[in-house]
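Topology and contacts: notes
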Amino acid sequence: MTAPLNILYEDNHLLVLNKPALVPTMGTGTDEPGLVGVARDNIRERYQKPGNVFLGIVSRLDAWVTGAIVFGRTSKAAARLSEQFRNRTIEKTYWAVVQAENSGHSGGRDLPPAATLRHWIGKDENRKRMQATELDAPRPRHLTQLQEAHLEYRVLGGAGPVRLVEIRLITGRKHQIRAQFAATGWPVVGDRKYGSSESFAAGIALHSRQLALLHPTGRNRLDFRAKLPEYWPDFAKKMD
């Protein structure tokens, strides 16, 4: 038996999954096949398909991140979905639990109830991570692949040093949410790479909550929502 999948939607053109934590979208070249490999094996077994099964990767989630992810089941569907991602017509909404990095000390920055975050984001080769800096600051010379990164967020709940935020990506940069919230002084809980001092049950507290897209052949709007993992904090699950 192949590994089970948390399927949100499936037809002849699309497969939408609720991705678990600690599973890369693609394989890493080791014995770990990645989510796409597990999904191909699952389809092959369920439909008794001989040979190779096509499943097109049109976007990726970090291995640490959970939630909604879409694959194309035909080359035409994958091409049209990829075009929607390139044109930024697919609406992507994330939920994250963030915590003030100076929550136990004076001088920590407050998190406004809603805002648009705008930064330069680039790769810090020495630290092997992305870094976000203010747009009006001088461009850091040590960063490569520098691009603008924009997102909108609103606080849904939480108290004290912890907040549940809903995020709408305007651009789609590598590690964008993780790097931008780290730059505000509110890293994602469990994200040690980007400054969190807190542990998390699995992965990090970042979840792809919702995807809204046009069906690649029918062109009707589809809206997919992925439930939070059971190990998320109770105050967040109450809003699920």
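Residues numbered from 1 in each chain as written. Predicted model: local features only at pLDDT ≥ 70, side-chain atom pairs only at ≥ 80, totals over all residues. Heavy atoms only, no water.

**Considering the nonpolar core**
Applicable threshold: For this analysis, a nonpolar core means a set of buried residues of the types Ala, Val, Leu, Ile, Met, Phe, Trp, Tyr and Cys, connected via side-chain atoms within 4.5 Å. Summary of the burial criterion: residues with accessible area below 20% of their type's maximum are buried, those above 50% are exposed, and those between are partly exposed, where the area comes from a 1.4 Å probe applied to protein chains only. Helical segments are the DSSP runs of H or I of at least four residues, strand segments are the runs of E of at least two, and each set is numbered from the N terminus. Two residues qualify as a contact provided that any one of their heavy atoms is within 4.5 Å of a heavy atom in the partner residue.
Ile 167 and Phe 181 are the most contacted members of the largest nonpolar core, which totals 43 residues. Those elements giving two or more residues to this core turn out to be β2 (14–19), α1 (34–46), β4 (66–72), β5 (91–99), β8 (143–159), β9 (162–169) and α3 (176–183). Beyond its immediate sequence surroundings of up to four residues, Phe 181 is in contact with Val 98, Leu 111, Leu 117, Leu 151, Tyr 153, Val 165, Ile 167, Trp 186 and Pro 187. Within the second largest apolar cluster, 14 residues are counted, among which are Val 16, Val 58, Val 70 and Leu 213.

**Considering the pattern of salt bridges**
Rules: Any carboxyl oxygen of Asp or Glu that lies within 4 Å of a side-chain nitrogen of Lys or Arg is treated as forming a salt bridge with it.
By the definition in use, this model includes 14 salt bridges. Where Asp 41 meets Arg 44, a salt bridge forms, and the shortest distance between an N and an O atom there is 2.7 Å. With Asp 41 and Arg 44 both in helix α1 and three residues apart, the pair spans about one turn of that helix. Looking at Asp 41, the relative accessible area reads 34%, which means it is partly exposed. Between Glu 152 and Arg 168 there is a salt bridge, and its shortest N-O distance comes to 3.0 Å. Here the residue Glu 152 occupies a position in strand β8, and Arg 168 occupies one in strand β9, the gap between them amounting to 16 residues.

**Let's talk about the environment of Ala 202**
By the secondary structure assignment, Ala 202 is in the loop between α3 and β10 (206–214). Remark: the alpha-carbon pair of Ala 202 and Phe 181, spanning 21 residues in sequence, is separated by 19 Å. Excluding anything up to four places from it in sequence, Ala 202 contacts Ala 21 and Tyr 231.

**Digging into the environment of Gln 84**
Among the structural elements, Gln 84 can be located in helix α2 (residues 75–86). In contact with Gln 84, not counting residues within four places along its chain, are Thr 89, Ile 90, Leu 213, Leu 214 and Arg 219.

**Section: the packing of aromatic side chains**
The line we're drawing: Note on aromatic contacts: the rings of Phe and Tyr and the six-membered ring of Trp form a pair at centre separations within 6.5 Å, being stacked when their planes are under 30 degrees apart, edge-to-face when over 60 apart, and tilted otherwise. Geometrically, a lysine NZ or arginine CZ counts as sitting over a ring once it is within 6 Å of the ring centre and also within 35 degrees of the ring normal.
Under the counting rule described, the total for this entry stands at four aromatic pairs. Arranged with centres 5.3 Å apart and planes meeting at 45°, the rings of Tyr 9 and Phe 224 form a pair that is tilted. One end of the pair, Tyr 9, is in strand β1 (residues 7–10); the other, Phe 224, is in strand β11 (residues 221–225), and 215 residues separate them in sequence. Residue Tyr 9 is classed as partly exposed on the basis of its relative accessible area of 26%. Within the aromatic cluster, the residues linked to one another by ring pairs are Phe 200, Tyr 231 and Trp 232. In this structure, Arg 209 is placed above the aromatic ring of Trp 95, and the distance from its NZ or CZ to the ring centre is 4.2 Å.

**A look at unusual backbone geometry**
Of note in the backbone geometry, Leu 22 takes a positive phi value of approximately 70° without being a glycine. With respect to the secondary-structure elements, Leu 22 resides in the loop between β2 and α1. The phi angle at His 175 is positive, at roughly 55°, despite the residue not being glycine. Looking at where His 175 falls in the secondary structure, it is placed in the loop between β9 and α3.

**Overview of α3**
Along α3, seven of the eight residues are buried, which leaves the element largely enclosed by surrounding structure. Every buried residue belonging to α3 is among Gln 176, Ile 177, Arg 178, Ala 179, Gln 180, Phe 181 and Ala 182, and all of these are buried. Buried residues belonging to α3 abut β5, β6 (114–124), β7 (129–134), β8, β9 and β10.

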